[in-house]
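Letter by letter, the chains look like this.
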Amino acid sequence: MNKPLLIEIGVEELPAIPFLKELPNIEKKWSDILEKFKLSTNFDFFYTPRRLVLWHREFNLSQEDTTVEQYGAPVAIAYKDGKPTGAAIGFAKKCGIEVDELQTINNGKDDVLYFKKEEKGKASKDLLNEMINEFINVLDFGKSMRWASRTDSFIRPIRSLIVMLGEEIVEAELYGVKSSNKSFAHRMVSYEPFSFDFAGDYFCKLDKNGVILYPEDRKKAILEQMKKIESDNNLSIDIDEELLEEVVAITEYPTALLGTFDKEFLELPEEVIVTSMKEHQRYFAVYKDGKLTNNFIVVSNSKTDDFSLIIAGNEKVLRPRLADAMFFYKNDLKNGLSNIGLKNLVFVDGLGSMYNKCEREEKIASYLADIYNIGQKELLTKTVMLSKADLMSEMVYEFTELQGLMGYYYSKAAGEDELVYTALKEQYLPDGEDSELPSNKFSAIVALAYKLDNLMGLFSVGKIPTGSKDPFGLRRAAAGIVKIAIDHKIEVNLSNIIDNLLENYTGLEKSKLIEFFNERLFKIFEVNPSVIKAVLGSGEGDVYKISQKICALNPIVLSEDYKEASATFKRVANIIKDIDVNSSLKVNSSLFEQEEEKDLYETYTQLTDKKYNNYEEELDALFSLKPKLDKFFDNVFVNHENEAIKTNRKNLIGLVYQAFRNIADIKEITI
């Protein structure tokens, strides 16, 4: 039999960001507890800033009855001369019964000890208290707090608890709070709790008391209100999804309101205004005709008919924020960009100051500039040495997320070359999964130098990512290097870079860094992993060429014909497994005895002498050797009694294998 189950955990206002980080795990954690207690069922999870709600439309009133069967030792071992041995005594103890209560059963081979009992399922209401306490304890919001005289802790104090099965209040206690049929209205409706008699009544009374329980309904309401503001005022609101989720999490009855700030603050860079409003006030930026306006959207959690005081209050709060930003901005413009202060700013223990980091990055950039034939080496040096200068600015001290961007504004205002200020803005790109990439090769070198120094420097002092921990974002840095190399079609050979710059990174183990870097390729390229393994097996170290080879080989491996072709090329790999394929293999055509080996050699020579525009063309040509190889294998006996002929034939197959291995080691491919 089933009844609806409502669980509400009432709390003081939850901080949005730590709550939202745990939100994706909450339903799974409750589902795991339901499964553990053998009460699995469908449910919904809802939340507001002051409550966590688990709603089950149908909940089993008890666990299902189960049959427990246990098998013990063979009877011949369990009894000697009619008396129980330790095996029988131990099995009986395990089953919680006396020896004379044991049964026997034939398992198809022997008669063995056997125990069977029926276990009646426990009533759900007797389990819910334990389940809810376990649920609360597995939630991980990072920091937690204690309140009153309690020694346990939670993200915020718990003030109420509802556990209602049907119309029955189930006895439960959480952090000293006992279950009841009382919940809390929106604070602007009442500070007193309201009571209800059943779940349907709970949902109705929440709605009447100014609480929109469903987060999707709150989100929908906010978006509809914003749309109306846009329509009524001919404006466009920048709906930042992360900010929207945060606002949904901190409101019970949201209302989107349009506010304004003084136009004089539009002198600030757009990103400064938007960041200040978003980070400090949770305001949305507003645009008109593609330009930022002196408006903002605040989402109020108030329930009132007159929002004028709320709008005025938010406008008043925003002004000093923007005034501070204006003060920082003008001071920074007056002082200009200088990297001298970076000498006193530590990068990482063992790697010196940020100034030292810039010096290492400059050496990397200079090395790359030589490879890519970049003519503006002086400009490149200047850019790299200025790249972290904005860390010393007052604006970046206040808004660390604006580093690089403020360097762009300050260097542009100082009349620097466009290449310089563009590279300063783009030096950290790509900085996310769907991030933009540096817009030109000059910026690409600056961005590569930053990421390469992070990798080589941090690996040299043992700051290597482990498991899911990557505090310095080195996995992201490696992925960024690959993306930049592909986008700008430039050579990035990490092995060569390390060899040429190793003197700047004492303690760096090249093999560890190369292995780490190559592992990222398996995350970046969504292809058969053996294709990547095969391409790496070619010994290729240039990231751009690796990507070209992967993109050329993968469609062939995915094709319907490849399975048949793979058998032939696996045979190639097997035949030459006992010869040194890294050596220069010699084939003497005068030792050929059969047409098939002559034909294969002539076709191989024609194909390998030809110049190809890309790896796709070259692979198509090499795979066209399949018919020749099949005829060779069908008609030519490789292990000839004449050692010279045998070696010659193996070397011929070895040459074919080497031609493939210039692109990919075919023996590594699995389908």
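This text goes with the structure placed above it.
Just so it is clear, the structure is predicted and the values come from calculations on it, not from any experiment.

1. Description of the packing of aromatic side chains
According to the stated counting rule, one finds 27 aromatic pairs in the structure shown. Each ring, one from Y408 and one from Y421, has its centre 5.6 Å from the other, and the planes form 70°; the classification is edge-to-face. Highlighted residues: Y408 in helix α13 (residues 405–413) and Y421 in helix α14 (residues 418–426), separated in sequence by 13 residues. Overall, Y421 belongs to the buried group, its relative accessible area being 13%. Aromatic pair F592 and Y601: ring centres 5.6 Å apart, planes at 65°, arrangement edge-to-face. By relative accessible area, F592 is classed as buried at 9%. Put simply, the rings of F19, F45, Y47, F141, W147, F154 and Y175 pair up and form one aromatic cluster. The ring of Y47 carries R218 above its face, with NZ or CZ at 5.4 Å from the centroid. For K343, the ring lying beneath its charged end belongs to Y355, and the centroid distance is 4.8 Å.

2. What about helix α23 (residues 615–623)?
Since the α-helix turns once every 3.6 residues, residues separated by three or four places project in the same direction. Turning to α23, its buried residues are Y615, L619, A621, L622 and F623. The elements touched by buried residues of α23 are α20 (543–558), α21 (562–575), α22 (595–609), α24 (626–635) and α25 (643–661). The residue sitting at the N-terminus of α23 and contributing the capping side-chain oxygen is N614; that oxygen lies 3.2 Å from the backbone nitrogen of E616.

3. Some thoughts on helix α10 (residues 354–372)
In this model, α10 (19 residues) spans 26 Å end to end at C-alpha, consistent with the 27 Å of a helix rising 1.5 Å per residue. For α10, the buried fraction is high: 14 of the 19 residues fall into the buried class. Here α10 starts with a cap whose side-chain oxygen sits 3.3 Å from the backbone nitrogen of Y355, and that cap is S353. N373 occupies a position one or two residues after α10 and carries a positive phi of about 55°.

4. Thoughts on the pattern of salt bridges
Scanning the model with the defined rule gives 37 salt bridges in all. Here K510 and D499 are joined by a salt bridge, their closest N and O atoms 3.0 Å apart. In this pair, K510 is assigned in helix α18 (residues 510–524) and D499 in helix α17 (residues 494–501), connecting sequence segments 11 residues apart. Linking D630 and K626 is a salt bridge whose minimum nitrogen-to-oxygen distance equals 2.6 Å. Of this pair, D630 and K626 both sit in helix α24, four residues apart, roughly one helical turn. Its relative accessible area of 22% is what places D630 among the partly exposed residues. Counted as one network, the salt bridges with shared partners bring together K357, R360, E361, K388 and D453.

5. Focus: the pairing of strand β17 (residues 284–288)
The side chains of a regular strand alternate, first on one face of the sheet and then on the other. Most of β17 is tucked away: four of the five residues are buried. Hairpin connection, β17 to strand β18 (residues 291–300): the antiparallel pair is bridged by two residues, and D289 has positive phi, about 55°.

6. With respect to the packing of α22 against α25
As a packed pair, α22 and α25 sit with axes 11 Å apart at the nearest point and diverge in direction by 30°. When the axis of α22 is compared with that of α25, the two are roughly parallel. Every pair of crossing elements has a handedness; the one defined by α22 and α25 is left-handed. Side by side, α22 and α25 meet where E597, L600, Y601, Y604 and T608 of the first sit next to R649, L652, I653, L655, V656 and A659 of the second. A per-class count over the contact of α22 with α25 returns eight nonpolar, one polar and two charged.

7. Some words on the sheet that holds strand β4 (residues 66–74)
With antiparallel pairing, the three strands of this open sheet are ordered in space as β4-β8-β7. Edge positions in the open sheet fall to β4 and β7 (103–106), since each of these has one partner strand only. Sheet twist, expressed as the mean angle between neighbouring strand axes with direction ignored, is 40°. Pairing between β7 and strand β8 (residues 111–119): four bridges, direction antiparallel. When the bridges of β8 are listed, T104 appears paired with L113.

8. Quick notes on the nonpolar core
Formed by 129 residues in total, the largest nonpolar core has its most connected members in M395, M456 and L553. Counting residues per element, this core draws most heavily on helix α15 (residues 441–460), which supplies 12 residues. When residues no more than four places from it in sequence are discounted, the contact partners of L553 are V531, A534, V535, L619, F623, A664 and I669. Counting 55 residues, the second largest nonpolar core, distinct from the first, contains F19, L127, F154 and I222.

9. Thoughts on the layout of surface pockets
What the largest pocket holds in volume is close to 1,500 Å³. E401, L402, Q403, Y428 and D431 are the residues nearest the centre of the largest pocket, which is lined by 44 residues in total. Of all the secondary structure elements, the ones that give two or more residues to the lining of the largest pocket are α8 (270–281), β17, α10, α14, α15 and α16 (474–488). Per-element tally for the lining of the largest pocket: the top contributor is α8, with five residues. Partitioning the lining of the largest pocket into residue classes produces 22 nonpolar, eight polar and 14 charged.

Conventions we followed
Residues numbered from 1 in each chain as written. Predicted model: local features only at pLDDT ≥ 70, side-chain atom pairs only at ≥ 80, totals over all residues. Heavy atoms only, no water. Phe/Tyr/Trp six-rings, centres within 6.5 Å; stacked < 30°, edge-to-face > 60°. Helix = DSSP H or I, 4+ residues; strand = E, 2+ residues; numbered from the N terminus. Buried < 20%, exposed > 50% of the residue type's maximum accessible area, 1.4 Å probe, protein only. Lys NZ or Arg CZ within 6 Å of the ring centre and 35° of its normal. Contact = heavy atoms within 4.5 Å. Polar contact = N/O pair within 3.5 Å; in protein donor to acceptor, adjacent residues only side chain to side chain. Expected span 1.5 Å × (residues − 1). Salt bridge = Lys/Arg side-chain N within 4 Å of Asp/Glu carboxyl O. Pairing = 2+ DSSP bridges. Axes fitted to C-alpha atoms, helices over the stretch in contact; angles between N-to-C directions. Parallel < 35°, antiparallel > 145°, perpendicular 65-115°, else oblique. Left-handed = near helix turned anticlockwise from the far one by under 90°. Nonpolar A, V, L, I, M, F, W, Y, C, P; charged D, E, K, R; others polar. Core = buried A, V, L, I, M, F, W, Y, C linked by side-chain atoms within 4.5 Å. 1 Å grid on protein atoms, 1.4 Å probe; cavity = no way out; pocket = protein on both sides within 12 Å on 5 of 7 lines; lining within 4 Å. Points joined across faces, edges and corners; volume = space filled by probe spheres on them.

Interpretation in functional terms is not warranted from these geometric data alone.
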